[in-house]
Each structure stands twice: as C-alpha cells, then as structure tokens.
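# Secondary and tertiary structure notes
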Amino acid sequence: MKSWIFGLSLLTLISESHMATLYTRNNCPFTVWPGTLTGAGIPQLSNTGFELAPQAWNAITVIAPWSGRLWARTQCSTSSGLFTCATANCGSGQVACNGVGAVPPATLVEFTLAPNGGQDFYDISLVDGFNLPISVTPQSGSGPNCTITSCSANVNAICPPELIVKASCGNAIACKSACLAFNQPKYCCSGEYNSPQKCEPTNYSMVFKNQCPQAYSYAYDDKTSIFTCSGAPNYLITFCP
Ligand SMILES: *[C@@H]1O[C@H](CO)[C@@H](O)[C@H](O)[C@H]1NC(C)=O
Ligand SMILES: *[C@@H]1O[C@H](CO)[C@@H](O)[C@H](O)[C@H]1NC(C)=O
C-alpha cells in the first residue's frame, strides 16, 4: 500500500514537472565557454560548463521547477592542468563549473522556470557588470512579456575608465558595475539603500542602461528588465546576437 502511494506521488511529481531546453548559440567571432549555476537547494544541471566554437550550438535539458543562471567565459586556456578564463571565470579549474558561479564582471542570464505551463521569468543582468553581449529568445510560449530580451551593445567599448577590465594586451575585455568597483551602498542597493524606493539609478547604472535598456543595470531595475513566458518549451541564448 505504501509503495503504491509512493508510486502514485512519484507519478504526480513527474507529470507536474516540465521539461525545457536551453539552447545556446555562439555568434561571436571567438570561442566562448558557457557556464551554468543552479540556485540553492536543487542539484546542478548535467552540464555546468562547455566550449562553444564560433557558430556552434548546444542544448541543455532542464526539468522545471528550476532556477539558475548562465553566462559565457572568454579567453580561456589550460595551464599546469588548470582551466582558467580572462572573464567570467568560475574558478573550478575545469571546463565544468561544478556548482561555482562566475567571477564578476559577467553578463548573466537568469531563469526561473515553472512546472506545467506556469509562468517562467527570465532576464539579462548587468548588476555584476558586463563581459559580452547576450540575447534570450523564447520559442513559442505566451504572455504580453514573452519576447526576446537582448543586450547586444558592446559595453566594453564605452566603459568608463574606472570600471574597465583590460587584458594584458590592453584591450577592454569586461566592464565592472559601480557596485563591484566601489562597493558603496548607493551602488549596491545595500544598507540604507536596501529597497526599490531608496535605491535609484546612478550615473554609473545609466551607462549600462543606455547601452542595454532591456537588461538589469542595478539591483531594483525590475520594471523594464523582467520578462515572462507561460508554457515556452525552449529558450535560445545567443552570445554576440
Ligand atoms: C558619476 O558621478 C561621480 C560624482 O558623483 C563622478 O565622480 C563620476 O565621474 C561620474 N561618473 C560618470 C561615468 O558619469
Ligand atoms: C511587460 O508588459 C507590460 C504590458 O504590456 C509593459 O507595460 C511592460 O513594459 C512590459 N515589461 C517589459 C520588461 O517589457
């Protein structure tokens, strides 16, 4: 009897979950190494890091409910057996990130995927800075905000000098957020600035917002940056859209 009940609840669990596929495509003229990080309390995806040559694509199956993030590392190499990247490194020492997140600055894609045709949330975040352009395209799905969200500008090219991250050759490869660069409450929406009413856009967050109006430019930038779809079976994440 007990096992029958267990079997039934397992069946319910399976039928209430929902599979989504996250496709990644590299439209950049250089190789990138995407990484994934699942939010607290659920196991990591089967694929937490991989290489994508220019024009290559990949598919990751996700069982909803799921929430997590995805990014792309650049200028990676292996030395003394340790895999490291110039931007968005996850510090695992391997191509797989194995549950370690990106070292900022990194352009992040964030997902909260609901089971059974429920409402998914997704966004592009520059709250931790920027390393490369990304777009997210839902494939079918419904709702007024079920649309592509894109940060296609190269923010590195206009990054204020006090935020810039340069490669050893001197090229700008990433742009820090002001929170990361200065660690001040008004930029980080922390301390006395810890609410949407108190934390407002700053001259630095506006630099990011002007380049990528659909992306989060600071922690409480929700109104113009959260996208939602119900019942979308797939999402396409494009690097350098
Ligand atoms: C932002 O404002 C501060 C002073 O409040 C100034 O020092 C800084 O240069 C400004 N930065 C940009 C990018 O406008
Ligand atoms: C979501 O849809 C509403 C109503 O159509 C619109 O006012 C709002 O700007 C949209 N949000 C985003 C992030 O596009």
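None of the values given here were measured: they were computed from a predicted structure.

### Topic: the overall build of the protein chain
What the protein chain contains, in helices and strands, is 4 helices and 13 strands. The C-alpha radius of gyration computed for the protein chain amounts to 19 Å, which stays within 12% of the reference 18 Å derived for 241 residues, consistent with globular compactness. In terms of overall dimensions, the protein chain has a C-alpha envelope of 65 × 50 × 30 Å along the principal axes. When each of the 241 residues of the protein chain is scored for burial, the buried share is 44%. In the protein chain, once contacts between residues fewer than 6 apart in sequence are set aside, the share between residues at least 24 apart is 64%. Carbon and sulfur atoms make up 56% of the accessible area of the protein chain, which totals about 11,500 Å². Charged side chains of the protein chain number 10 positive and 11 negative; the gap between the two group centres comes to 4 Å.

### Structural notes on the site of ligand 2
Contacts to ligand 2 come from Asn 145, Lys 223, Thr 224, Ser 225, Ile 226 and Phe 227. In the environment of ligand 2, an oxygen atom lies 2.7 Å from a nitrogen or oxygen atom belonging to the side chain of Asn 145. Protein contact buries 45% of the 360 Å² of open area that ligand 2 shows by itself.

### Re the layout of surface pockets
In this model, the largest pocket occupies a volume close to 230 Å³. Taken together, 14 residues make up the lining of the largest pocket; nearest its centre are Phe 30, Asn 131, Asn 156, Ala 172 and Ile 173. Mapped by element, the contributors of at least two residues to the lining of the largest pocket are strand S4 (66-79) and strand S11 (172-175). For the lining of the largest pocket, the residue count by class is 8 nonpolar, 6 polar and no charged.

### Some remarks on the environment of Gln 214
Within the secondary structure, Gln 214 is located in the loop between helix H4 (203-211) and strand S12 (227-230). Measuring from C-alpha to C-alpha, the distance between Gln 214 and Ile 226 comes to 8.3 Å, with 12 residues separating the pair along the chain. Leaving out residues up to four positions away in the same chain, Gln 214 has contacts with Ile 148, Thr 149, Ser 150, Lys 209, Thr 224, Ser 225 and Phe 227.

### What to know about H4
Considered for burial, the residues of H4 that qualify are Tyr 204, Ser 205, Phe 208 and Lys 209. Buried residues of H4 fall within an arc of 140° about the axis and therefore sit on the same side. Residues of H4 that are exposed and angled more than 90 degrees away from the buried face: Asn 203 and Asn 210. For H4, the secondary structure elements touched by its buried residues are S11, helix H2 (178-182) and helix H3 (185-188).

### What to know about the environment of Cys 189
Its place among the elements puts Cys 189 in the loop between H3 and H4. Its relative accessible area of 5% is what places Cys 189 among the buried residues. Each C-alpha atom of the pair Cys 189 and Met 19 lies 35 Å from the other, and the pair is 170 residues apart in sequence.

Scoring rules and cut-offs
- Residues numbered from 1 in each chain as written.
- Chains lettered and ligands numbered in written order.
- Predicted model: local features only at pLDDT ≥ 70, side-chain atom pairs only at ≥ 80, totals over all residues.
- Heavy atoms only, no water.
- Helix = DSSP H or I, 4+ residues; strand = E, 2+ residues; numbered from the N terminus.
- Rg over C-alpha atoms; globule rule 2.2 N^0.38 Å.
- Buried < 20%, exposed > 50% of the residue type's maximum accessible area, 1.4 Å probe, protein only.
- Contact = heavy atoms within 4.5 Å.
- Areas by Shrake-Rupley, 256 points an atom, 1.4 Å probe, with all protein chains shown as cover.
- Lys, Arg positive; Asp, Glu negative; His and termini not counted.
- Charge placed at Lys NZ, Arg CZ, Asp CG, Glu CD.
- Near = heavy atom within 4 Å.
- Polar contact = N/O pair within 3.5 Å; in protein donor to acceptor, adjacent residues only side chain to side chain.
- 1 Å grid on protein atoms, 1.4 Å probe; cavity = no way out; pocket = protein on both sides within 12 Å on 5 of 7 lines; lining within 4 Å.
- Points joined across faces, edges and corners; volume = space filled by probe spheres on them.
- Nonpolar A, V, L, I, M, F, W, Y, C, P; charged D, E, K, R; others polar.
- Arc of directions from axis to C-beta.

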